[in-house]
Number of protein chains: 2
Amino acid sequence: IVELAEDGAGHPDSIAAITGDPLAGPVNYTGQRLLLDDVRLVSPVIPRSKVIGIGRNYAAHAAELNNPVPDAPLLFIKPNTAVIGPGEPIVYPPETENLHFEGELAVVIGRICRRVPRDRAAEVIFGYTVGNDITARDLQTSDKQWARAKGFDSFCPLGPWIVTHLSLDEASDLQVTTTVNGELKQDGRTSDMVQGIAELIEYVSGFTTLLPGDVILTGTPAGVGPLQPGDQVAVTVEGIGTLTNPVVAEN
Amino acid sequence: IVELAEDGAGHPDSIAAITGDPLAGPVNYTGQRLLLDDVRLVSPVIPRSKVIGIGRNYAAHAAELNNPVPDAPLLFIKPNTAVIGPGEPIVYPPETENLHFEGELAVVIGRICRRVPRDRAAEVIFGYTVGNDITARDLQTSDKQWARAKGFDSFCPLGPWIVTHLSLDEASDLQVTTTVNGELKQDGRTSDMVQGIAELIEYVSGFTTLLPGDVILTGTPAGVGPLQPGDQVAVTVEGIGTLTNPVVAEN
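Caption draft 1: Geometry of the interface of chain A and chain B. Each partner contributes residues to the interface: chain A has 31 residues there, and chain B has 31 residues. Between chain A and chain B, the buried area comes to about 2,500 Å², and carbon and sulfur atoms account for 48% of it. The tally of links from chain A across to chain B stands at six salt bridges. One can count 24 residue pairs in polar contact (both at pLDDT 80 or more) joining chain A with chain B. The greatest single-element share of the side of chain A that touches chain B, amounting to four residues, is contributed by strand 4 (residues 74-78) of chain A.

So this is what it looks like as structure tokens:
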């Protein structure tokens, strides 16, 4: 976890080493500071339980795939074994011929919670990161259930770090952009979500206990499209950072 | 874990205390032996990653809900937070008006594995237990995706223990029965699965890395039906044991 606000953003190109798990309790700074360029970041969180994704949570994205906007959040689960970090390869499996990117704001849960009312949602949020809800669009259609199409290993890039200083209001109006090989493909704002962050936490925690480190992917704006081996896909959420991953063919 | 074969089934009414995690490596017997009646068993496994369920894997069950038998396994994911043990209550949430039992054979994975060919499936199986794929049938229809309908807390009873001495062939021909308040509701055999255990492991490990403790629920035979608060539901798999849970209203 890189907390740029910790020192007033005075060291934007470096990270502070810590001991302990920030999701489990207080941490200690070792005093060591490393240049970002000299380290390899991994996913800032591997959920011990689940990544919950939200389908069709931007009206323009629902429309581009000829789907209606659902009345209630449309939920799916990505296994924690799908999570990779920044720079790690998205593996294009032979089972699909239509692999898509979906850039998203990701909410990281900080407290064990169930049935959280929306007006208390902020209390259970640890922070925010960037997610890419990689989807085998052809298998999503043919399988009907989305577990496989969205659950292959490497289909859940998260990172590059968790930002913990954004308020719920701030997180609710951020630009989300996705580029492929530098070309802009998605450009939306979290303010365009059909169900906002607080409503999603109320709904998701209405059926399942959320654990520290669980992640809610909040849905993708319009502009989704295919990836090919050799591509570089980069998702940027304003105020958080950029999550970049190469795409490689599976051997 | 209660391994009845360990002492030739000489102590069927007692368990041997161990130290260590059988899913992680060798265990030691402490020498203590406790009567089954004197202990409260919990779920024999909480998957660190996922419970994978298989829909419509018995032709007679697919037919009773007017569904076709799928060409390939129909997969869904239950979160590990849904797991409960024997005797623990299935909580009937206010969001559903049609809560169903689904008695099943559950396969517990023993090794980290990916893309396991069916003829090597036996190598990655740690053992077998009994599962009940509790399903809010109304939400399953209205939500389309099954994450919520099958993912509520307490919707995945597992137990009462993991049996590790059954061969794949033996596990592939066992009677599965479910009773509600003592009345027989389901009576099938694992030999009637559309996709067998080895085929399921090949298919599931074809998209996701399986970790020790991950569970595959192999599908339910015909005879599913509703539960009400106050009911006792018991699933028995021949040669493994009986998983009994009460149903209680939420609050």
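Caption draft 2: The relation of the copies chain A and chain B, seen in detail. The two copies are related by a screw operation: chain A maps onto chain B through 180° of rotation and 0.0 Å of translation along the axis, at an RMSD of 0.1 Å. One copy is carried onto the other by what is essentially a two-fold rotation axis. A high fraction, 100%, of the interface residues of chain A reappear at the interface in chain B, so the copies pair face to face through one surface.

Caption draft 3: How the structure looks around the sheet that holds strand 3 (residues 51-55) of chain B. All names here are of chain B. Strand order across the open sheet formed by seven strands is 4-3-14-8-9-11-5, with mixed pairing between neighbours. Where the open sheet ends on each side, the last strands, each with one partner, are strand 4 (74-78) and strand 5 (83-84). Both strand 5 and strand 11 (residues 156-163) contribute to a ladder of two bridges, which runs parallel. Paired with V83 across the bridge in strand 11 is C156.

Caption draft 4: Here's a closer look at helix 4 (residues 197-204) of chain A. Taking burial as the measure, the eight residues of helix 4 of chain A include six buried ones, the bulk of the element. Considered for burial, the residues of helix 4 of chain A that qualify are I197(A), A198(A), L200(A), I201(A), Y203(A) and V204(A).

Caption draft 5: The domain arrangement of chain A, seen in detail. Residue and element names in this part refer to chain A. Each assigned domain of chain A is listed here: domain 1 (1-39) and domain 2 (41-249). One C-alpha centre belongs to domain 1, the other to domain 2; they are set 25 Å apart. Counting residues at the interface gives eight residues for domain 1, matched by 12 residues for domain 2. Carbon and sulfur atoms supply 70% of the area buried between domain 1 and domain 2, which totals about 940 Å² over both sides.

Reading guide: rules and limits
- Residues numbered from 1 in each chain as written.
- Chains lettered and ligands numbered in written order.
- Predicted model: local features only at pLDDT ≥ 70, side-chain atom pairs only at ≥ 80, totals over all residues.
- Heavy atoms only, no water.
- Contact = heavy atoms within 4.5 Å.
- Buried area = accessible area lost by both parts, 1.4 Å probe.
- Salt bridge = Lys/Arg side-chain N within 4 Å of Asp/Glu carboxyl O.
- Polar contact = N/O pair within 3.5 Å; in protein donor to acceptor, adjacent residues only side chain to side chain.
- Helix = DSSP H or I, 4+ residues; strand = E, 2+ residues; numbered from the N terminus.
- Least-squares fit on C-alpha atoms with pLDDT ≥ 70 in both.
- Pairing = 2+ DSSP bridges.
- Buried < 20%, exposed > 50% of the residue type's maximum accessible area, 1.4 Å probe, protein only.
- Domains from an automatic or database assignment.

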